[in-house]
Amino acid sequence: MNEPKRPLPRADEFDTQAFWAGTKDKEFRYQQCKQCETVVFYARRHCTGCLDGELEWKVASGRATVYTYSIVRQSYHPFFRNQVPYAVAWVDLEEGPRILSNIVGVEDPLTEVAIGMPLEIEWEEHDDLCIPLFKPA
Amino acid sequence: MSQDRDAAIVGIHEYPSRDVEGEVSPLQIKAESASRALKDAGLNWSDVDAIYDAGEAGGMAGLTMAEYFGLSPNVIDTTNVGGSSYEFHAAHARRDIRAGKAKVALLTYGSTAHSNARAIGVGGRGGASMHPAENMDAYAGMTLIANYAMVAHRHMHQYGTTSEQLAEISVATRMHAMRNPEAVRAMEDLEFLDIRETTISDVVNSRMIADPLHLLECCMISDGGGAVVIASPEIARDCRTDPVWILGSGEATKYPMSGGDITTSAAAQSGPQAFLEAGVTPSEMDVAMIYDSFSITVLALLEDLGFCPKGEGGRWVEGGRLRFDRPNDGPALNTDGGGLSSNHPGMRGIFLLLEATRQLRGESTSQVADAKLAVAHGNGGMLGSRHAAGTIVLGRD
Ligand SMILES: [Zn+2]
């Protein structure tokens, strides 16, 4: 029997494929408009701040903080049911993007995760991409 | 009052069973509910000239629902914004009736979520889809409740809100459920343990599902459905029920934004629109039917609708303020027993309109004395990420 695996993003989704391609090199890519400087995340083809803006790719430092989080105690998902208790969090990157991820590298998520806690990125390697997780900085 | 009275709820029906044991389909629930709601109004199928459908029963509803009902409507609206769809439908029905496009609008809902064992209240969710946002989120294993729990954590962090304050919402709602025989039967059929009024300590000592939310802060997963008939003033005058007027409506959506405040929902946009249009204020509401997927949903929505300032919801709900028998302290909350303790098949929005209508007709099992004004607020999608808000203000003659 196969071990249940973490659900992975599709590499061929139109808007986010360049983000996921970057994770192969452990780059956290985000977009910023050259004209109006709006930070766009998740990735898109159009600037959400102006009509003719050209988006350029940037690479985030990986430094981040916990905006908010929950500890999941119960899941019916074949992979995640074996991970409980685990921390899910909205994570604010230093450069602006807010991403949903997991906090890893803590002995006891019930006591060691807090709002405002400084984080750094921790890449989880898979065949065709890496998943951006976060650990205490 | 100077409000426009140009469309009224004239017929309602709440499908009584919360566990159909796989013997009835969502379409059958919709059709039976529609027929009873029309009967309630004293109307017939042939009077219906507009249908509103979220497509929850599948099969490209805009093409197939009219045929299923055997109708030839002039207006077909298939807005789907999750659980708030029915507040949007009510708003659109009023708009279409006002514009002269329709006279009798039919809204229906049917679901066999419980029979299908769909995980709504405490479950997980599946893999990545082709929507770009989903393609970013799915790897993290966020359950539905964890999504809401993250709003609760941030609310506690920013404003000092406590689990005991959130529990007030569960306690008041269960108290109302125990007075509603259909809610009691629902809890029996869904095999709730220890069906009784609860205390704050019951709630905060129940099992943690996703920190900081406990089991008794989560909605049930039921089967069910219902229908609403909305009519023009000319039709409403001849109906067998007293009209419940749609006085104002508001619609909005919200989604994750860099630097955004997760504790403030789309209700902060839809609520003021609805109250302004109705020419009333939140403090005048006798009844607040607020989508209670989880305790935090109600707390955030009460603040965003303007019942109290942002961040003060925890203190505001203390001391049993939301009970139906405390009319001088503000509105009664979810007097049917809510999604927490009466009915949540996945898209609860229609039940908010149903119970608000019962209150304004004087037919609730937890009747607020002389109730004149009610607000129904639906939240669709997920509070902690992308969601829709539909606010409807209702009043009687
Ligand atoms: Zn731009």
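Residue indices begin from 1 for each chain and proceed along its sequence in written order. To read the labels, note that chains go from A and ligands from 1, taken in the order they are written. In view of the model being predicted, local features appear only for residues whose pLDDT reaches at least 70, and side-chain atom pairs are presented and counted only at 80 or more, with totals across whole chains, interfaces and linings using the full set of residues. Hydrogen atoms and water are omitted, and side-chain values are computed over all heavy atoms in the structure.

**Comments concerning unusual backbone geometry**
Test applied: Starting at the N terminus, helices and strands are each numbered in turn, a helix being any DSSP run of H or I of at least four residues and a strand any DSSP run of E of at least two. Under the scheme applied here, a residue whose accessible area is under 20% of the maximum for its type counts as buried, over 50% as exposed, and between as partly exposed, the area being computed with a 1.4 Å probe on protein chains only.
Following V84(A), the chain continues to P85(A) via a peptide bond in cis, the omega torsion being -10°. Residue P212(B) follows D211(B) across a cis peptide bond; omega there is 5°. With respect to the secondary-structure elements, P212(B) resides in the loop between β5 (208-210) and β6 (213-214). Positive phi, close to 55°, is recorded for K26(A), a residue that is not glycine. Along the polypeptide, K26(A) turns up in the loop between α1 (17-23) and β1 (29-33). Taking the relative accessible area as the measure of exposure, K26(A) reaches 38% and is therefore partly exposed. Although it is not a glycine, D370(B) adopts a positive phi angle of roughly 55°. Mapped onto the elements, D370(B) comes out in the loop between α14 (349-361) and β11 (373-381).

**Quick notes on the pairing of strand β8 (residues 130-136) of chain A**
Residues and elements named next belong to chain A. Put simply, the rule is: Two strands make a pair as long as DSSP finds a minimum of two bridges between them.
With respect to burial, β8 is a largely interior element, five of its seven residues being buried. Here strand β7 (residues 118-125) pairs with β8 via seven bridges, running antiparallel. Considered in β8, the bridge of E124 is made with I131. Connecting the antiparallel pair β7 and β8 is a turn made up of four residues.

**Thoughts on the sheet that holds strand β1 (residues 8-14) of chain B**
Residues and elements named next belong to chain B. For clarity, the cut-off: A contact between two residues is defined here by any heavy atoms of the two lying within 4.5 Å. As a rule, the C-alpha atoms of each element are fitted with a line to give its axis, helices using only the stretch in contact, and angles between N-to-C directions run from 0 to 180 degrees.
Overall, mixed pairing links the ten strands, which are arranged β3-β2-β4-β7-β1-β8-β12-β11-β9-β10 in an open sheet. Each end of this open sheet is capped by a strand with a single partner; those strands are β3 (75-77) and β10 (332-333). Lying on the sheet, helix α3 (residues 85-98) is in contact with β2 (50-52), β3, β4 (104-111), β7 (224-231), β8 (244-254), β11 and β12 (387-396); it crosses β8 at an angle near 125°.

**As for the packing of helix α1 (residues 26-41) of chain B against helix α2 (residues 61-69) of chain B**
All names here are of chain B. Put simply, the rule reads: Each angle gets one of four labels, with under 35 degrees taken as roughly parallel, over 145 as roughly antiparallel, 65 to 115 as roughly perpendicular, and the rest as oblique. Crossings are assigned a handedness: left-handed for a near helix turned anticlockwise from the far helix by less than a right angle, right-handed for a clockwise turn. Asp, Glu, Lys and Arg are counted as charged, while Ala, Val, Leu, Ile, Met, Phe, Trp, Tyr, Cys and Pro are counted as nonpolar; the rest, among them Gly, fall into the polar class.
Between α1 and α2, the least distance of the axes is 11 Å, while the angle of their chain directions is 55°. Between α1 and α2, the angle is such that the two are oblique. The chirality of how α1 crosses α2 is right-handed. Between α1 and α2, the residues in contact are L27, Q28, K30, A31 and A34 and M65, Y68 and F69, respectively. Here the residues of the contact of α1 with α2 are counted per class, giving six nonpolar, one polar and one charged.

**Section: the coordination of the zinc ion**
All names here are of chain A. Here is the rule: With water omitted from the atoms examined, metal sites may look incomplete; donors here are N, O and S atoms no farther than 2.8 Å from the metal, or 3.2 Å in the case of Na, K and Ca.
On the protein side, the zinc ion has C33 (SG), C36 (SG), C47 (SG) and C50 (SG) as donor atoms, found 2.3 Å from it. Site description for the zinc ion: donor spacing in sequence, C-x2-C-x10-C-x2-C. Highlighted residues: C36 in the loop between β1 and β2 (39-40) and C50 in the loop between β2 and β3 (55-59), separated in sequence by 14 residues.

**Thoughts on the sheet that holds β3(A)**
Residue and element names in this part refer to chain A. Sheet architecture is open: three strands sit in the order β2-β1-β3, paired in antiparallel fashion. Edge positions in the sheet fall to β2 and β3, since each has one partner strand and no second. Alignment of β1 against β3, held across five bridges, turns out to be antiparallel. Following the sheet pairing, Q31 is matched in β3 by W57.

**Here's the deal with helix α11 (residues 295-305) of chain B**
Residues and elements named next belong to chain B. Counted residue by residue, α11 has eleven buried out of eleven residues, so it is predominantly covered. Those residues of α11 lying buried are S295, I296, T297, V298, L299, A300, L301, L302, E303, D304 and L305. A positive phi of about 100° marks G306, the residue just after α11.

**Observations regarding the pairing of strand β4 (residues 63-72) of chain A**
A regular strand places its side chains so that they alternate between the two faces of the sheet. All names here are of chain A. Where burial is concerned, most of β4 is hidden: eight out of the ten residues are buried. As paired strands, β4 and β7 are joined by three bridges and run antiparallel to one another. Bridged to R63 within β7 is E120.

**What about the environment of S70(A)?**
Mapping S70(A) onto the fold places it in strand β4. The class for S70(A) is buried, based on a relative accessible area of 0%. In sequence terms S70(A) and I115(A) are 45 residues apart; their C-alpha atoms lie 10 Å from each other. Here S70(A) is in contact with Y86(A), A87(A), V88(A), A146(B), A149(B), M150(B), H153(B), A210(B) and D211(B), once residues within four sequence places are set aside.

**So, the interface of chain B and chain A**
Definition in use: In this description, buried area is defined as the sum, over both parts, of the accessible area (probe of 1.4 Å) that is lost when the two are combined. For this document, the term salt bridge refers to a Lys or Arg side-chain nitrogen within 4 Å of an Asp or Glu carboxyl oxygen. Polar contacts, as counted here, are pairs of nitrogen or oxygen atoms within 3.5 Å of one another; within protein the pair requires one atom able to donate a hydrogen and one able to accept it, and residues that are adjacent in sequence qualify only if both atoms are side-chain atoms.
Residue-level contacts link 43 residues of chain B with 41 residues of chain A. Buried surface at the junction of chain B and chain A, summed over both partners, amounts to about 3400 Å²; 60% is from carbon and sulfur atoms. Measuring nitrogen to oxygen at the nearest pair gives 2.7 Å for the salt bridge that ties R73(A) to D211(B). Inspection of the region where chain B meets chain A yields 21 residue pairs in polar contact (both at pLDDT 80 or more). Where the side of chain B that touches chain A is concerned, the elements lending two or more residues are α4 (132-137), α5 (144-159) and β5 of chain B. Among the residues forming the side of chain B that touches chain A, the class breakdown is 20 nonpolar, 17 polar and six charged.

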